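# Descriptive analysis of the structure
Each chain, written out:
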Amino acid sequence: MTLVFQITAIIFIAILLRVGFQIAYPEVPIDGALTKLFVIAAVVIVAVLTFVHLMRTKSG
Amino acid sequence: MLRLLIYSFLLITLACTSEAAAQANVLKECGSQYQSAKTANELAGQSWQDFLKACRARLAERPAEAKPAEAVPASLAPAITYSHASASLASAVLAINASGYAFLYSRGSEASGYGLYSYAILRNGSQRSAALLKQIFTQVKDVHSLIASPAETNILFVPSTKEMGRRKQNDFYKNEGNIRRFLSNESKSSAHYSFAIAGQLIAAICNRPVDEVKSLCNGDETSGPYIVTYAKQIGNTSPLPPPFLLVDLTPVDESAFGTLVSSYLSQVQEEKFDDRKKIDTFRNTLLNLILHSARSLEPITAALLGIVHQVNATENLNDSGKK
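About the thresholds
- Residues numbered from 1 in each chain as written.
- Chains lettered and ligands numbered in written order.
- Predicted model: local features only at pLDDT ≥ 70, side-chain atom pairs only at ≥ 80, totals over all residues.
- Heavy atoms only, no water.
- Helix = DSSP H or I, 4+ residues; strand = E, 2+ residues; numbered from the N terminus.
- Buried < 20%, exposed > 50% of the residue type's maximum accessible area, 1.4 Å probe, protein only.
- Areas by Shrake-Rupley, 256 points an atom, 1.4 Å probe, with all protein chains shown as cover.
- Salt bridge = Lys/Arg side-chain N within 4 Å of Asp/Glu carboxyl O.
- Pairing = 2+ DSSP bridges.
- Polar contact = N/O pair within 3.5 Å; in protein donor to acceptor, adjacent residues only side chain to side chain.
- Contact = heavy atoms within 4.5 Å.
- Core = buried A, V, L, I, M, F, W, Y, C linked by side-chain atoms within 4.5 Å.
- Buried area = accessible area lost by both parts, 1.4 Å probe.
- Nonpolar A, V, L, I, M, F, W, Y, C, P; charged D, E, K, R; others polar.
- Axes fitted to C-alpha atoms, helices over the stretch in contact; angles between N-to-C directions.
- Parallel < 35°, antiparallel > 145°, perpendicular 65-115°, else oblique.
- Left-handed = near helix turned anticlockwise from the far one by under 90°.
- Expected span 1.5 Å × (residues − 1).

### Overview of the overall build of chain B
Secondary structure summary: chain B contains 10 helices and six strands in total. Sorting the 323 residues of chain B into buried and exposed places 40% on the buried side. Split by element, the accessible area of chain B, about 17200 Å² in all, is 57% carbon and sulfur.

### Considering the pattern of salt bridges
All chains considered together, the criterion is met by six salt bridges over all chains. With a shortest N-O distance of 3.5 Å, Arg283 of chain B and Glu27 of chain A are connected by a salt bridge. Of the two residues, Arg283 of chain B is situated in helix α10 (residues 282-322) and Glu27 of chain A in the loop between α1 (3-24) and α2 (32-59); the pairing between them involves two chains. Glu27 of chain A gets classed as partly exposed once you look at its relative accessible area, which sits at 37%.

### Some thoughts on the sheet that holds strand β2 (residues 116-121) of chain B
Residue and element names in this part refer to chain B. Across the sheet, which stays open at both edges, the six strands sit in the order β3-β1-β4-β2-β5-β6 with mixed pairing between neighbours. With one partner strand each, in any of the chains shown, β3 (141-142) and β6 (244-248) form the two edges of the open sheet. Note that strand β5 (residues 226-230) and β6 share five bridges and pair antiparallel. Residue Tyr226 lies in a different strand from β6, and its bridge partner there is Asp248.

### What to know about the side chain of Ser118 of chain B
Residues and elements named next belong to chain B. Assignment of secondary structure puts Ser118 in strand β2. For Ser118, a relative accessible area of 0% puts it in the buried group. Separated by 2.8 Å, the side chains of Ser118 and Thr229 make a polar contact. For Ser118, the residues in contact, after removing those within four places along its chain, are Asn154, Ile155, Leu156, Phe157, Val228, Thr229 and Tyr264.

### Some words on the nonpolar core
Formed by 75 residues in total, the largest nonpolar core has its most connected members in Phe21 and Leu34 of chain A together with Ile121, Ile205 and Ile234 of chain B. The residues contacting Phe21 of chain A, other than those within four sequence positions of it, are Val28, Ile30, Leu34 and Phe38 of chain A together with Leu287 and Ile290 of chain B.

### A word on the pairing of β5 of chain B
The element β5 of chain B is largely enclosed, with a buried count of five among its five residues. By the alternation rule, side chains of β5 of chain B split into Tyr226, Val228 and Tyr230 of chain B and Ile227 and Thr229 of chain B, which are all buried.

### Quick notes on the interface of chain B and chain A
Reports often express the size of an interface as the amount of accessible area lost when the parts come together. Tallying the contact residues gives 13 residues for chain B and 12 residues for chain A. Around 1100 Å² of area is buried between chain B and chain A when both sides are counted, 69% of it from carbon and sulfur atoms. Of all residues in chain B, Arg283, Ile290 and Leu297 of chain B give up the largest surface area on contact with chain A, accounting jointly for 40% of the area buried on that side. Scanning the region where chain B abuts chain A turns up two salt bridges. For the salt bridge of Asp31 of chain A with Arg295 of chain B, the shortest nitrogen-to-oxygen distance reads 3.2 Å. Inspection of the region where chain B meets chain A yields five residue pairs in polar contact (both at pLDDT 80 or more). Counting residues per element, the side of chain B that touches chain A draws most heavily on α10 of chain B, at 11 residues. Class assignment of the residues belonging to the side of chain B that touches chain A gives a composition of six nonpolar, four polar and three charged.

### Points about the pairing of strand β1 (residues 98-104) of chain B
Residues and elements named next belong to chain B. When you tally the buried positions in β1, you get seven out of seven residues, the bulk of the element. Burial along β1 is two-sided: the face carrying Ala98, Gly100, Ala102 and Leu104 and the face carrying Ser99, Tyr101 and Phe103 are both buried. Taken together, the seven bridges between β1 and strand β4 (residues 153-159) define a ladder with parallel strand orientation. Bridged to Tyr101 within β4 is Leu156. For β1 and β3, the ladder comprises two bridges, and the chain directions are parallel. Each bridged residue has a counterpart across the sheet, and for Tyr101 the counterpart in β3 is Asp142.

### Thoughts on the packing of α1 of chain A against α2 of chain A
Residue and element names in this part refer to chain A. It is at 8 Å that the axes of α1 and α2 come closest, and there the two elements cross at 130 degrees. Here α2 runs oblique to α1, going by the angle between their axes. Between α1 and α2 lies a crossing of right-handed hand. From α1, Gln6, Ala9, Ile10, Ile13, Ala14, Leu17, Arg18 and Phe21 reach across to α2, where they touch Leu34, Thr35, Phe38, Val39, Ala41, Ala42, Val43, Ile45, Val46 and Thr50.

### Brief notes about α2 of chain A
Between its terminal C-alpha atoms α2 of chain A stretches 41 Å, which fits the 40 Å expected from 28 residues at 1.5 Å a residue. Along α2 of chain A, the residues that are buried comprise Ala33, Leu34, Leu37, Phe38, Ala42, Val46 and Thr50 of chain A.

Given below as structure tokens:
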């Protein structure tokens, strides 16, 4: 998993989370703190996926 | 034959047992009513025997568990065993079709005949209190502009110090600046939120409080805001038997107030207004969790930025020292 791929995945997941939140809670304004949370959540998701991918390739 | 005898014996035993249990329930209920009346000094010289006789007659008149709230005299209300009063008050409420706000200028001045009575209770003039009022004035219409009959209306009172013209009320409080002024007490000439009436309402609710309102009664000046809904005017009765619907916004993030107020407005239209089915939802809990996580990130980010800044400054100092 290249760094470029990881960064792209982070951006994509963060956008997905933001859009999902906006659809689920249209009345809640999305501020800077919420955007930061979505980015951090995306980073965590990508980190977990990378870890799982590494473990699988290592064992395989 | 023997089998028939055994069945008859069992039936008689069962009937006797249920009769005894019903008697025990009557005694238990009357006993607790007597204790409540005694504590409230409302016995007026009545002995236990007289009270029991009257209580038995009263209970015999009451069809099992469902009795309209209007049939309970106000003077008897404090003596009602709370757990039983709960069901009777809940069933008394007609289906609520709409909610409308109105200003409350003194305790006990609420007009009668409304389906439900709600109160916006604030303990301070903070940003959070202003956020709740903004949501109320935005999402709830003026009660006088509603088409629904009063019996089908939940009237949401906002305690206020002075009466103001209806024309001025329209859209006046939708402006955030006007809400801030309404809460700040800056100008003595204009109307502002009455914390005194809010305090009186809290005192009435917290006179022998039930579990549903414990969080309101145990709160301090920094807690809240709250919305309390009751089947009758709070101003006229104290202590108040349940059911209550308390929306405690203390643990809720300010940005979620709109969602919570909207859930509350749906909740009061439910058959049982106090069952919180529309308020304690997964959607609301998740929103609160997300918003709290986002707010708790702010100090962490600030701390990390502070550390980075400190490291950079130290490195720069070292570099300049070497040169």
